[in-house]
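Remarks on the overall topology
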Amino acid sequence: MTKRAATVLLMSPIMACTPVAGAGAGAGSGIGVGFRTPAPSSPAGPQFTPGTAGAGDPYFPEAGNGGFDAAHYDIALAYRPKGRRITATTTVTATATQNLSRFDLDFVGNTISDLRVDGRPATYTRQGQELVITPPAGIPKGARFAVTVRYSGRPRVLQDPILGRTGWLPTKDGVITLSQPTGSETWFPLNSHPSDKATYAFHVTVPKGFGAVANGEPHGTVQKGANSTFTWSSTRPMASYLAMVAIGKYIVRDGRTPKGVRSISAVSTTLDGAPVTKIKGRAAAGGRAKGRRGGGVAGMADRLQTTTARVTDWESSLFGRFPFDSTGGVEGAIDVGYSLETQDRPVYHGDAEQLLVVHELAHQWFGDSVSLARWKDIWLNEGFATYAEWLWQEQHGGPTAQHSFDEAYKRPASDAAWKRETGDPGRDQLFAFFPVYTRGAMTLHMLRKTVGDRTFFRILRTWAHDRAHSTGTTQQFVAVAERVGHRNLGPMFDAWLHTSGKPRI
Ligand SMILES: [Zn+2]
């Protein structure tokens, strides 16, 4: 994620963003997990027990669930522009990781009309964000099962005073979903934690004149009466916060980068002539806003394709093969003040400038393909994407990464921003710019200086390759760096990631 006006020109990384300040309230919806009745079990047979209501992440205790591993989401939704309402059926295919008497999915809002497990009606209750499901019979450990939920309603926007707005976000012409750290549970039932990655299929039915773009690749459009159904699928595992549909009126470009990666970009026609630089309360903090760059929406779509191609190929040369089957981007008129690295194609709030594309596409390797196992390791996403910006500038006539580091290091030791531990910034500081983004990038620069350029880039490529389509932790990254670098890097990483205060050089 990048909290930055899309069209703001940034040459100095330290002016990029307003640091997220202050302490905040507890978890977004302030929802308890609820009382659990004892599980049915027989003294003679195997014990069946309920799955936990959370994935065990201390930053977001209610997010995700225990007792099963989601493998695939099939989401079919029909969208009505009036009220931005949906009628939907989602099927979650999962494998039990224990003998399950009961399990939870994360799901908020909407009205459920039918819920089945393997085709048989199941009982359920709703407690805050938990959809608690009791299947007609216990599910044995290792068994594959399918939960089908039919529902309708107007999905919510989640409002977190610190982390911002996520979920089902209205635009002028429709809706875009953005869900970091959570928010997908506003429009489909799921295991809402990045540690449980799954593949996705989206079937989005919209009235004539509307379009739908999502993660993955398109599989045709079926017209039926006054409606069109767009099908997209992501066959590479994806963290749930990256699931994205953009419904509205889009100009779409579908082509290939010079290196041959398919690229699909979409720009909302509502951005034509619209002052897309105006981001509530952020224009002044973000720097000088640029005006429209001409060519209308078609020009924006061409520019997004060209920039995406250039950046995707350049990053492949540094980080290794592009991890997915297609790249691209979506530019929409969302009033959230950030862009997000949604898998395959990031969503930009307006006309994206080059450095922002560099940041969000770097996440395709670092964050999307190699995902977080727990939110405290967020620097593995943001520090890497920020360092990609430094590298881009260094190789394209801008300041060197050393210069960017030096500028950041000028911050006085008395500054409170040094107090945060980059390796465990705290829930409310998840997107704090200096502690997570900048100091994360500084950590990588220190690694580069310690091991030298050749080894440094080998470490990045090894990390991206060995953990592709999986997850990774800070300890695992340090282990890769030490193995490839043939040296003990513990003290260096400790000083930069796990120490409060300004590290000495
Ligand atoms: Zn980011």
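Residues numbered from 1 in each chain as written. Predicted model: local features only at pLDDT ≥ 70, side-chain atom pairs only at ≥ 80, totals over all residues. Heavy atoms only, no water.

**Some remarks on the packing of helix H2 (residues 296-319) against helix H4 (residues 379-395)**
Note the following rule: Helix axes use the C-alpha atoms of the stretch in contact, all axes being lines fitted to C-alpha atoms, and the angles between their N-to-C directions lie in the range 0 to 180 degrees. Comment: elements are numbered from the N terminus, with helices defined as DSSP H or I runs of at least four residues and strands as E runs of at least two. Working definition: roughly parallel below 35 degrees, roughly antiparallel above 145 degrees, roughly perpendicular at 65 to 115 degrees, and oblique for all remaining angles. When checking whether two residues touch, look at their non-hydrogen atoms; a contact exists if any pair is within 4.5 Å. We call Asp, Glu, Lys and Arg charged. Ala, Val, Leu, Ile, Met, Phe, Trp, Tyr, Cys and Pro are nonpolar, and the rest, Gly among them, are polar.
Viewed as axis vectors pointing N to C, H2 and H4 meet at an angle of 100 degrees, and their least axial separation amounts to 12 Å. In terms of their interaxial angle, H2 and H4 are classed as roughly perpendicular. The residues of H4 that touch H2, namely those facing Arg310, Val311, Trp314, Glu315, Leu318 and Phe319, are Ala388, Leu391, Trp392 and Gln395. When the residues that make up the contact of H2 with H4 are grouped by side-chain class, the tally is seven nonpolar, one polar and two charged.

**Points about the side chain of Ser179**
To keep things clear, this is the line we draw: When accessible area is computed with a 1.4 Å probe and restricted to protein chains, residues below 20% of their type maximum are described as buried, those above 50% as exposed, and intermediate ones as partly exposed. Polar contact criterion, stated in full: a pair of N or O atoms within 3.5 Å, where within protein one must be able to donate a hydrogen and the other to accept it, and residues adjacent in sequence count only if both atoms are side-chain atoms.
In this fold, Ser179 is placed in the loop between strand E12 (175-178) and strand E13 (198-207). Classification of Ser179 as buried rests on a relative accessible area of 0%. One polar contact links the side chain of Ser179 to the main-chain amide nitrogen of Ser184, over a distance of 3.1 Å. Excluding residues within four positions of it along the chain, Ser179 makes contact with Thr166, Gly167, Ser184, Trp187, Tyr241 and Leu340.

**Topic: the confidence of the model for the protein**
Keep this limit in mind: Confidence of the predictor in every single residue is expressed as pLDDT, which spans 0 to 100.
Residues with a pLDDT of 70 or more make up 87% of the protein, whose mean pLDDT is 89. Confidence drops under a pLDDT of 50 for residues 5-41, and excluding neighbours within four residues, the segment shows 99 contacts in the predicted structure. Contacts from residues 275-291, a stretch scored under 50 in pLDDT, to residues over four places away or in other chains number 28 contacts.

**A word on the pairing of strand E9 (residues 144-153)**
Note the cut-off: DSSP calls a pair of strands paired once it identifies at least 2 bridges connecting them.
Side chains Phe145, Val147, Val149, Tyr151 and Gly153 project from E9 onto a buried face, and the interleaved Arg144, Ala146, Thr148, Arg150 and Ser152 project onto a face without burial. Where strand E3 (residues 85-96) and E9 come together, ten bridges link them in antiparallel fashion. Its bridge partner lying in E9, Ile86 is registered against Gly153. In terms of strand pairing, strand E5 (residues 111-117) meets E9 through six bridges, oriented antiparallel.

**So, the sheet that holds strand E1 (residues 49-50)**
With respect to topology, four strands assemble into an open sheet ordered E1-E4-E8-E7, the strand pairing being mixed. The open sheet has two edge strands, E1 and strand E7 (123-127), and neither has a second partner.

**Details of the packing of H4 against helix H6 (residues 433-451)**
Cut-off, in case you're wondering: Crossing chirality is assigned from the near helix's rotation relative to the far helix, an anticlockwise turn below a right angle marking it left-handed and a clockwise turn marking it right-handed.
Axis separation between H4 and H6 bottoms out at 7 Å; the angle between their running directions is 65 degrees. Overall, the two elements H4 and H6 adopt an arrangement that is roughly perpendicular. Seen along the crossing, H4 lies across H6 with a hand that is right-handed. Contacts from Trp379, Glu382, Gly383, Phe384, Thr386, Tyr387, Trp390, Leu391 and Glu394 of H4 reach H6 at Val436, Tyr437, Thr438, Gly440, Ala441, Met442, Thr443, Leu444, His445 and Arg448.

**Describing helix H5 (residues 401-409)**
Heads up, the condition is: The arc in question is formed by the directions pointing from the helix axis toward the C-beta atoms.
Listed in full, the buried residues belonging to H5 are Ala401, Ser404, Phe405, Ala408 and Tyr409. Relative to the axis of H5, the buried residues are bounded by an arc of 135 degrees and lie together on one face. Against H4, H6 and helix H9 (490-497) lie the buried residues of H5.

**Topic: the nonpolar core**
When a protein is soluble and globular, its nonpolar side chains tend to lie buried together. For the record, the criterion: Throughout this description, the term nonpolar core refers to a set of buried Ala, Val, Leu, Ile, Met, Phe, Trp, Tyr and Cys residues connected via side-chain atoms within 4.5 Å. As annotated, the domain borders come from an automatic or database domain assignment.
Leu77, Phe145, Phe202, Leu447, Phe477 and Phe493 are the most contacted members of the largest nonpolar core, which has 139 residues in total. Per element, the largest residue contribution to this core is ten residues, and it comes from H6. Counting contributing residues, this core receives three or more from each of domain 1 (1-25 + 249-365) and domain 2 (372-497). In contact with Leu77, not counting residues within four places along its chain, are Ile86, Thr87, Ala88, Trp168, Trp187, His203, Val204, Thr205 and Ile247.

**Quick word on the side chain of Thr443**
Structurally, Thr443 can be placed in helix H6. Note on Thr443: relative accessible area 0%, which makes it buried.

**Remarks on H9**
Those residues of H9 that sit buried are Gly490, Met492, Phe493, Trp496 and Leu497. Down the axis, H9 shows its buried residues gathered within 165 degrees of arc, on one side only. For H9, the secondary structure elements touched by its buried residues are H4, H5, H6 and helix H8 (474-485).

**Focus: the pattern of salt bridges**
What counts here: Any Lys or Arg side-chain nitrogen found within 4 Å of a carboxyl oxygen on Asp or Glu counts as a salt bridge.
Within this structure, the stated rule accounts for 13 salt bridges. Salt-bridge contacts for Asp160 lead to Arg427; the nearest nitrogen and oxygen are separated by 2.7 Å. A residue pair is termed long-range when its members are at least 10 positions apart, and Asp160 in strand E10 (residues 157-160) and Arg427 in the loop between H5 and H6 qualify at 267 residues. When sorted by exposure, Asp160 lands in the same class as Arg427, which is buried.

**Notes on the packing of aromatic side chains**
Heads up, the condition is: Pairs were defined over the aromatic rings of Phe, Tyr and Trp, the Trp ring being its six-membered one, requiring ring centres within 6.5 Å. Orientation was assigned from the angle between planes: stacked under 30 degrees, edge-to-face over 60, tilted for the rest.
Tallied over the full model, the rule gives 35 aromatic pairs. Look at Phe188 and Tyr200: their rings are 6.0 Å apart centre to centre, the planes differ by 85 degrees, and that puts the pair in the edge-to-face class. Of the two residues, Phe188 sits in the loop between E12 and E13 while Tyr200 sits in strand E13, which places them twelve residues apart along the sequence. Tyr200 matches Phe188 in its accessibility class, with the two residues each being buried. Ring plane angle 80 degrees and centroid distance 4.9 Å describe the contact between Trp418 and Phe434, whose orientation is recorded as edge-to-face. Of this pair, Trp418 sits in the loop between H5 and H6 while Phe434 sits in helix H6, placing them 16 residues apart in sequence.

**Description of a positive patch on the surface**
Going by this rule: Patch construction takes residues with relative accessible area above 30% that form no salt bridge. Like charges are linked within 9 Å, and nonpolar side chains (Val, Leu, Ile, Met, Phe, Trp, Tyr) are linked within 5 Å. To measure how exposed things are, a 1.4 Å probe is used in the Shrake-Rupley method; for residues, cover is taken only from the protein chains shown. As used throughout, the charge tally considers Lys and Arg to be positive and Asp and Glu to be negative, leaving His and the chain termini uncounted. Taken as the charge centre is NZ of Lys, CZ of Arg, CG of Asp or CD of Glu, depending on the residue.
A cluster of basic residues, Arg80, Lys82, Arg85 and Arg154, forms a positive patch at the surface. Along the polypeptide, Arg154 turns up in the loop between E9 and E10.

**Details of the environment of Gly67**
Residue placement: Gly67 occurs in the loop between E1 and strand E2 (68-80). As a C-alpha pair, Gly67 and Ala53 span 14 residues in sequence and 9.2 Å in three-dimensional space.

**Let's talk about the pairing of strand E19 (residues 262-268)**
Among the seven residues that make up E19, six are buried, leaving the element largely enclosed by the rest of the structure. The pairing of strand E18 (residues 250-256) with E19 spans seven bridges and is antiparallel. In the strand pairing of E19, Arg256 is matched with Arg262. Counting the residues that bridge the hairpin from E18 to E19 gives five residues, and of these Gly260 lies at a positive phi of roughly 100 degrees. Across six bridges, E19 lies against strand E20 (residues 326-332) in parallel orientation.

**Details of the sheet that holds E12**
With respect to topology, five strands assemble into an open sheet ordered E10-E11-E12-E17-E14, the strand pairing being antiparallel. The open sheet is flanked by E10 and strand E14 (211-214), the only strands paired with a single partner. Between one strand axis and the next, the sheet turns by 20 degrees as a mean value, whatever way the strands run. In the sheet, E12 pairs with strand E17 (residues 245-248) via two bridges, with the strands oriented antiparallel. Across the sheet, residue Val175 finds its bridge partner in E17, namely Ile247.

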